[in-house]
Amino acid sequence: MLDNLTTRLAKVVKTMRGEARLTESNTAEMLREVRMALLEADVALPAVREFIAKVKEKALGEEVISSLTPGQALVGVVQRELGALMGADLGADASQLSFAQQPPAIILMAGLQGVGKTTTVGKLAKYLKEQKKKKVLTVSADVYRPAAIAQLQSVTAQVGADFFPSTAQDKPVDIALAALDWAKKHHHEVLIIDTAGRLGIDEEMMKEIAAVHGAVKPIETLFVVDAMLGQDAINTAKAFNDALPLTGVVLTKLDGDSRGGAALSVRHITGKPIKFAGVSEKLDGLEAFDPQRMANRILGMGDILALVEEAQKNVDTKAAAELAAKVKSGGKFDMNDFKAQLAQMKKMGGMSGLLDKLPAQFQQAASGANMDQAEKQVRRMVGIIDSMTPQERAKPELIKAARKRRIAAGAGVQVQEVNRMLNQFEQMQTMMKKLSGGGLMKMMRSMKG
Ligand code: GDP
């Protein structure tokens, strides 16, 4: 799936080369691929639509800076916008928990059953105790499953925080108020309240958690959502967001193989920052949420960006500019330059995109033949150049019959091959003369797509 997207986008990036701006038509195909990628990552359709519209608006008319091709520029826009949507623009503070409440600072946990709420309470207690040096009390208001209360007691003990016992006979609001009272008396700085989760959205459950919220007025109300949930995430998020003033989201089970599309759906619906990510079943498996990393994961963009960066890194524009300046100022294009050109082509990875930019003879050499053979040919040409003396490289016109034989023997090829190579060199030299400095730069740039 990921490979697929990478290949598809790389293809589109390629077809877009040589255009100076992003337009409705040259971005359409690329945006289709991005849309597919989002749907494959299980992002809900309304969120996909909104995102694509935003990217389109940002991209249209964007001037493509000289070091990029339009395809690369569009990839950049997509990455930036998705990062922003994931919360990169909210700033570093967005992922911080607030303690701005008369102690204890109360954290209320909300979410469906099985998403990882209780585990997350344990993780948070550990994080707050160890990283923030807080005295933490936990309590379970899940009166429907006695096992849930015992489970919270167990994880709380594992992280060495304090636990307020409750029973299935108590009412959730009473449990929360009693725990709050206890926390005040015993100078706890944070109280984390775990709540009941049902398997689906449930009117009663929503009323109950809203009542707990109203009774204790938590500073943080965290919606816990399973990254594996996919499309369902949007309905659940909507229900909880409507019932409660959420302050943030915890995305669990990101260690699974989901692409994490739920993150985008939840951000779309709630607009609330995703504060933490659960990355293992263990109690140390909690991380501060990283919006940009999530954006890359959703799109499989890590790979795309690596491709783009690779392309930019590999094309040595400085060397190209130097060569252009040399040729322009009447300097001679010699064998060393030719070799540098060949090396550059090899670095740019593969011959296919380059061949149509090269003199006819090069194209003939590769036409019909497969790319492997073309690459082999380039390697042979480099071998021949390597067999020349520095003097011959600087002044190829010195190379007559006897030298040709010596070079051929040195490179392990036939003399005809040396002749052919010299021929190609002359064509390249002629072309270099014709190209103004700008022309060469342009050629190098257009090769990058
Ligand atoms: P709750 O019903 O919402 O309280 O969910 P639990 O805390 O009982 O977790 C349900 C299951 O998910 C348990 O098996 C947890 O170990 C597992 N779980 C919770 N968080 C994560 C996580 O971040 N990664 C993984 N792999 N599993 C998790």
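Note that the structure is predicted; figures quoted are calculated from it, not measured.

All right, on to the overall build of the protein then. Scanning the protein from N- to C-terminus turns up 21 helices and 8 strands. The proportion of buried residues among the 449 residues of the protein is 41%. Contacts spanning at least 24 positions in sequence make up 78% of the contacts within the protein whose residues lie at least 6 apart.

A word on helix 2 (residues 24–40). With 17 residues, helix 2 extends 24 Å from end C-alpha to end C-alpha; this agrees with the ideal 24 Å at 1.5 Å per step. Along its length, helix 2 reaches its greatest deviation from straightness, about 25°, at Met30. Along helix 2, the residues classified as buried are Thr27, Met30, Glu33, Val34, Ala37 and Leu38. Directly beyond the C-terminal end of helix 2, a positive phi value near 75° is found at Asp42.

Turning our attention to the sheet that holds strand 8 (residues 286–288). The strand order across the open sheet built from 8 strands is 3-2-4-1-5-6-7-8, with neighbouring strands paired in mixed fashion. Edge positions in the open sheet fall to strand 3 (162–164) and strand 8, since each of these has one partner strand only. Each strand of the sheet is rotated relative to its neighbour by a mean of 25°, with strand direction disregarded. Where strand 2 (residues 136–140) and strand 3 come together, 3 bridges link them in parallel fashion. Looking at strand 3, one finds that Leu137 is bridged to Asp162. Across the sheet, helix 5 (residues 117–130) is in contact with strand 1 (105–110), strand 2, strand 4 (190–194), strand 5 (220–226), strand 6 (248–252), strand 7 (274–278) and strand 8; its angle to strand 4 comes to roughly 170°.

With that settled, consider the site of the ligand. In the vicinity of the ligand, 17 residues are found, and the nearest of them are Gly116, Lys117, Thr118, Thr119 and Gly278. Residues of the shell around the ligand, tallied by class, amount to 2 nonpolar, 11 polar and 4 charged.

This part takes up the environment of Ala157. You can see Ala157 is positioned in helix 6 (residues 146–159). For Ala157, a count of 13 C-beta atoms within 10 Å puts it in the partly exposed group.

Before going further, it helps to examine unusual backbone geometry. Between Pro103 and the following residue, Pro104, the backbone shows a cis peptide bond with an omega angle of 0°. By the secondary structure assignment, Pro104 is in the loop between helix 4 (70–86) and strand 1. One non-glycine residue, His187, lies in positive phi territory at about 55°. Turning to its location among the elements, His187 is positioned in the loop between helix 7 (172–185) and strand 4. Look at His187 and you get exposed, because 10 C-beta atoms sit within 10 Å. The phi dihedral of Lys253 is positive, around 60°, even though this residue is not glycine.

What follows is about the UniProt feature "domain: SRP54-type proteins GTP-binding" (unreviewed entry) in the protein. Mapped onto the present numbering, the UniProt feature "domain: SRP54-type proteins GTP-binding" (unreviewed entry) falls on residues 273–286. Annotated as residues 273–286, this span is 0% helix and 43% strand, and its ends, taken at the C-alpha atoms, are 16 Å apart.

To continue, consider the packing of helix 3 (residues 45–59) against helix 10 (residues 261–270). Each packed pair of helices is defined by two parameters, the angle between the axes and the distance between the axes. Interaxial distance between helix 3 and helix 10 falls to 9 Å at its minimum, and their mutual angle equals 80°. Relative to helix 10, the element helix 3 lies roughly perpendicular. Contacts between helix 3 and helix 10 involve Pro46, Ala47 and Glu50 on the former and, on the latter, Leu264, Ser265 and His268. Partitioning the contact of helix 3 with helix 10 into residue classes produces 3 nonpolar, 2 polar and 1 charged.

Our next topic: the pairing of strand 7. Within strand 7, 5 of the 5 residues are buried, which leaves it mostly tucked inside the rest of the structure. By the bridge criterion, 3 bridges tie strand 6 to strand 7 in an arrangement that is parallel. Each residue of the ladder has a partner; that of Leu251, found in strand 7, is Ala277. Handedness of the crossover is the feature at issue here: the chain leaves strand 6, passes through helix 10, returns alongside strand 7, and the resulting connection is right-handed.

Rules behind the numbers
Residues numbered from 1 in each chain as written. Predicted model: local features only at pLDDT ≥ 70, side-chain atom pairs only at ≥ 80, totals over all residues. Helix = DSSP H or I, 4+ residues; strand = E, 2+ residues; numbered from the N terminus. Buried ≥ 20, exposed ≤ 12 C-beta atoms within 10 Å, placed from the backbone. Contact = placed C-beta atoms within 7 Å. Expected span 1.5 Å × (residues − 1). Bend = angle between axes of the 7 residues up to and from the residue. Pairing = 2+ DSSP bridges. Axes fitted to C-alpha atoms, helices over the stretch in contact; angles between N-to-C directions. Near = placed C-beta within 6 Å. Nonpolar A, V, L, I, M, F, W, Y, C, P; charged D, E, K, R; others polar. UniProt positions renumbered as here; feature names shortened; annotations may be inferred. Parallel < 35°, antiparallel > 145°, perpendicular 65-115°, else oblique. Right-handed = clockwise from strand over helix to strand, strands pointing away.

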